[in-house]
Amino acid sequence: DPWKKKSIEKGSANPRQLAISLAGGEVIYFELDVAGNLMEMGTKELGVDVACLDVGPLPDGRARSNFLAVGCYDNTVRLLALDSQNLLDQLASIQCPARPESLALVEMASDAASGIGGGSGMGLYLNVGLSNGILQRAAVDQTSGAISDTRTRFLGQRPVKLFRVTVQGQHGVLALSSRGWLAYVLPSTGRFYMTPLSYDVLEHAANFASEQCPEGMVAIASNTLRILTVERLGEVFNQTNIPLRYTPRKFVQVPSTNQLLIIESDHNEFSEKVRNRMAAESGGTTSGAKQNGKAGGMEVDDEEEESAVVIRGPVPAADGAWASCIRLVDPKTEETVELVELEDNEAALSICTCVFHARGGEAFVVIGTAKGMTLHPRQHQGCYIQVYRLLDNRLHFQHKTEVEDVPLALAEFQGRLLVGLGKTLRIYDLGKRKLLRKAENRTFPTMITGIRSMGDRIYVSDLMESVTFVKYRRHDNSLVVFADDQTPRLTTCFCFLDYDTVAGADKFGNVFVIRLPTSVSDDVDNPTGSRLLWDTGLLNGAPNKLDTLMQFHVGETVTSIHRCALVPGGAEAIVYVTVMGSLGALLPSQTREDKDFFTHLEMHMRQEFQPVTGRDHMSYRSYFAPVKEVADGELCELFTSLPYEQQQKVAADLDRSPGEVIKKLEDTRNRLL
């Protein structure tokens, strides 16, 4: 045959069908007959070279797949028919933004037809992996072959390779780029997931099953062959636990490395040295030593660890007893590189790294501590700022500076150190024997809990009076408060979003965003030349007030908040964590249309989902202050759990179809995750 003189470039097959492509863009289709012979059924000249192709899997109870997907070098994907009446006729096509790298036709439960969305139907999906790292997923009509509802997702820097796999007895797709991703529908919920794999970079993969591994994958990573299984399906995040000696308080990343510095402290607890001495005197092992043996360098077997969790060691007789340590951790190996125990009832309360301008770019570790501190009433036997050098993964003590109040906040500022001491904000520089005081402001309301800086502007959070904006005046070396919040907030954490905007959270579970009005400038002028003008602002407050842009009640005390992107190429969001272990995100709307869509969808969902306790949803989200400019995404995502008739009713009020609403929800979720 003439085609035998051309080279075969691509091929795809299932148990009964085979399709190959030749140089020049010719596609040839084969089938197995009843006797098991491979018969040529037809050819088609596409006129452009073929980059990839895929014969769909055999549907249950049928002898052939109805479709052949072909990706071409002209950045198109064409869907060809395989039935005998219109063999290799083009049914539909997709114009892609880049060259198709791989294709996968997979039959999966669709969102709108899943067990919780109005039925148990299955849908055929065409997955297209592109050379620019994007995955396109489109629904295919199993009768006409029409393509609709195309959705895109950026997966990584490398071209995307697709492989059909089995997940809990259901069909799924493994997409390999600069990291692996698994697309599947979880049978227990009927929800579609596109989840990254916490594993090494894989190059190829296929299904694998054996007696020891009933459902797994065999994959190639670099020059190794690996057999693996996927665990904890349905979870968005993967986590690993690193045992610590005491309760972690704060941590920072060491500059130019991936290592973490963690401060740990416990109230009413004996230090490790005291526990070991008590254990030696009693002739046994305290539960604290067992529980923290791994962190302290001792080998502890599983039986000892189980018994250590049940029994707690003795409690100090008097208040003001603290146990604390500083730990250097390598998160890649999950190992403790360095551990420094603080003695004499000192509690580590704050930590930062600081590059002092006169020390050649070396990053020093600064720790704020309090000795013998009692919480109520707040008293102490001395407060200190300790400075360490980090050399060869070892902490070397430099010196200790005594201060008059508890240092709850530390931050680097233009080659110097910013310290929050009770009501005082102070700038220190590094000396040979102690830190040297350079400037201060004593007019803060209650107690400083956090400090951030950008340029000459300093953002300071107070224990009871929200966030204050401070300007550092270079020519007279002074710190001037020029704006504060008019709403009292018991601030626990905050971060800046831009030069004028701050996002924060308070003790009662409220998240807020405040901004400096555009008409306000931080170029504060003091015509009197007297510092008395700035020292009289304690009762009257700052001359300018911040505007509240957003308010939302989370329901749990937020312990940390940051502006970041969770995945490479994802949208930036305000990400927060709570004291109960929850992790949430506030994602900004791209357009006013998106804002109106979620506002109206939330309004309809409040009517469809009445709380069991009878409490109004808006009343809960406005527990301390009226909710403002935030739509509850958790409530909106319950749209997929409505009966299909109610989905149609709600979608009609939004001038959309149920599928369009679900697509909008999924696209918004994919922007973040």
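Just so it is clear, the structure is predicted and the values come from calculations on it, not from any experiment.

## Let's talk about the packing of aromatic side chains
In this structure the tally under the stated criterion is 10 aromatic pairs. Ring geometry for Y459 and F496: centres 5.5 Å apart, planes at 35°, overall tilted. Of the two residues, Y459 sits in strand β33 (residues 457-462) while F496 sits in strand β36 (residues 491-496), which places them 37 residues apart along the sequence. Overall, the relative accessible area of 0% leaves Y459 in the buried class. The ring of W181 has R179 sitting right over it, with the charged end atom 6.0 Å from the ring centre.

## Quick word on the domain arrangement of the chain
Each assigned domain of the chain is listed here: domain 1 (8-228), domain 2 (244-280 + 317-442) and domain 3 (589-672). Between the C-alpha centres of domain 1 and domain 3 there is a distance of 33 Å. In this complex, domain 1 contributes 12 residues to the contact, which on the side of domain 3 involves 13 residues. In total, about 1,000 Å² of surface goes out of reach between domain 1 and domain 3, with carbon and sulfur atoms giving 43% of it. Where domain 1 meets domain 3, there are one salt bridge. Between R151 and E666 there is a salt bridge, and its shortest N-O distance comes to 2.1 Å. Taken together, the links from domain 1 to domain 3 amount to three residue pairs in polar contact (both at pLDDT 80 or more). Here the side of domain 1 that touches domain 3 gets four residues from one element, more than from any other, and that element is strand β12 (residues 147-154).

## A closer look at the environment of Y29
With respect to the secondary-structure elements, Y29 resides in strand β3 (residues 26-32). Note: C-alpha distance between Y29 and G11 (18 residues apart in sequence) is 9.9 Å. Among the polar contacts made by the side chain of Y29, one reaches the side chain of E31 at a distance of 2.4 Å.

## Comments concerning the pairing of strand β20 (residues 248-253)
On any regular strand, side chains alternate: one points to one face of the sheet, the next to the other face. Pairing of β20 with strand β21 (residues 260-267), which is carried by five bridges, proceeds in the antiparallel orientation. Directly across from P248, in β21, lies its bridge partner E264. Where β20 folds back onto β21 in an antiparallel hairpin, the turn is made up of six residues, including S256, whose phi is positive at roughly 65°.

## Some thoughts on the sheet that holds strand β25 (residues 363-371)
Read from one edge of the open sheet, four strands run β24-β25-β26-β27, paired in antiparallel fashion. In this open sheet, the two strands that pair with only one neighbour each are β24 (346-355) and β27 (394-403). The average angle at which neighbouring strand axes cross in this sheet is 25°, direction not considered. Pairing of β24 with β25 involves nine bridges; the strand directions are antiparallel. Directly across from V355, in β25, lies its bridge partner A363.

## Some words on a nonpolar patch on the surface
Side chains of V236, F237 and L583 sit close together on the surface and give an oily, nonpolar patch of about 260 Å² of accessible area. Along the chain, the position of V236 falls in the loop between β19 (224-228) and β20.

## Digging into the pattern of salt bridges
Within this structure, the stated rule accounts for 33 salt bridges. In this structure, the salt-bridge partner of E404 is R426, at a minimum N-O distance of 2.7 Å. Of this pair, E404 sits in the loop between β27 and β28 (407-413) while R426 sits in strand β30 (residues 424-430), and the two are 22 residues apart along the sequence. Its relative accessible area of 0% is what places R426 among the buried residues. In this structure, E593 engages R656 in a salt bridge whose closest nitrogen and oxygen atoms are separated by 3.3 Å. With E593 in helix α6 (residues 592-608) and R656 in the loop between α9 (644-653) and α10 (658-672), the pair connects residues that are 63 residues apart, well separated along the chain. You can call E593 exposed: its relative accessible area is 53%.

## Quick word on the side chain of D462
Tracing the chain through its elements places D462 in strand β33. Of the side chains bearing the opposite charge, K423 lies closest to the buried D462, which forms no salt bridge; the N-O distance is 8.5 Å. Of the polar contacts made by the side chain of D462, one reaches the backbone nitrogen of M447; its length is 3.1 Å. Separated by 3.1 Å, the side chain of D462 and the backbone nitrogen of E465 make a polar contact. If sequence neighbours within four positions are ignored, D462 has contacts with P445, T446, M447, I448, T449, R489 and T491.

## Details of the packing of α6 against α10
Packing of α6 against α10 brings their axes to within 12 Å, and their N-to-C directions diverge by 115°. In this structure, α6 meets α10 at a crossing whose hand is left-handed. Contacts between α6 and α10 involve D594, F597, F598 and L601 from the first element and V661, K664, L665 and T668 from the second.

## Here we look at α9
Helical geometry: 3.6 residues make up each α-helical turn, so side chains three or four residues apart lie on a common side. All of the buried residues in α9 are Q647, V650 and A651. When α9 is viewed along its axis, its buried side chains cluster within an angular range of 100° and face the same direction. Facing away from the buried side of α9 by more than 90 degrees, the exposed set consists of E645 and K649. Here the buried face of α9 lies against α6 and α10.

## Concerning the sheet that holds strand β17 (residues 204-208)
Pairing is antiparallel in the open sheet, where three strands are placed in the order β17-β18-β19. Among the strands making up the open sheet, the edge pair consists of β17 and β19. Going from strand to strand, the sheet's axes swing by 20° on average, the running direction of each strand aside.

## Things to note about α6
Along its 17 residues, α6 runs 25 Å from first to last C-alpha, staying within 8% of the 24 Å computed at 1.5 Å per residue. Listing the buried residues of α6 in full gives D594, F597, F598, L601, E602, H604, M605 and R606. In the core, the buried residues of α6 are packed alongside α7 (617-621), α8 (633-637), α9 and α10.

## Description of the nonpolar core
Counting 24 residues, the largest nonpolar core has I385, L417, Y428 and L435 as its most contacted members. Taken together, the elements giving at least two residues each to this core come down to β24, β25, β26 (383-391), β28, β29 (416-421) and β30. Residue contributions to this core peak at four residues, all from β24. Not counting the four nearest positions on each side in its chain, L435 is found in contact with F356, I385, V387, H399, T401, L417, Y428, D429 and L430.

The rules behind these values
Residues numbered from 1 in each chain as written. Predicted model: local features only at pLDDT ≥ 70, side-chain atom pairs only at ≥ 80, totals over all residues. Heavy atoms only, no water. Phe/Tyr/Trp six-rings, centres within 6.5 Å; stacked < 30°, edge-to-face > 60°. Helix = DSSP H or I, 4+ residues; strand = E, 2+ residues; numbered from the N terminus. Buried < 20%, exposed > 50% of the residue type's maximum accessible area, 1.4 Å probe, protein only. Lys NZ or Arg CZ within 6 Å of the ring centre and 35° of its normal. Domains from an automatic or database assignment. Contact = heavy atoms within 4.5 Å. Buried area = accessible area lost by both parts, 1.4 Å probe. Salt bridge = Lys/Arg side-chain N within 4 Å of Asp/Glu carboxyl O. Polar contact = N/O pair within 3.5 Å; in protein donor to acceptor, adjacent residues only side chain to side chain. Pairing = 2+ DSSP bridges. Axes fitted to C-alpha atoms, helices over the stretch in contact; angles between N-to-C directions. Patch = residues over 30% accessible without salt bridge, like charges linked within 9 Å, V, L, I, M, F, W, Y side chains within 5 Å. Areas by Shrake-Rupley, 256 points an atom, 1.4 Å probe, with all protein chains shown as cover. Lys, Arg positive; Asp, Glu negative; His and termini not counted. Left-handed = near helix turned anticlockwise from the far one by under 90°. Arc of directions from axis to C-beta. Expected span 1.5 Å × (residues − 1). Core = buried A, V, L, I, M, F, W, Y, C linked by side-chain atoms within 4.5 Å.

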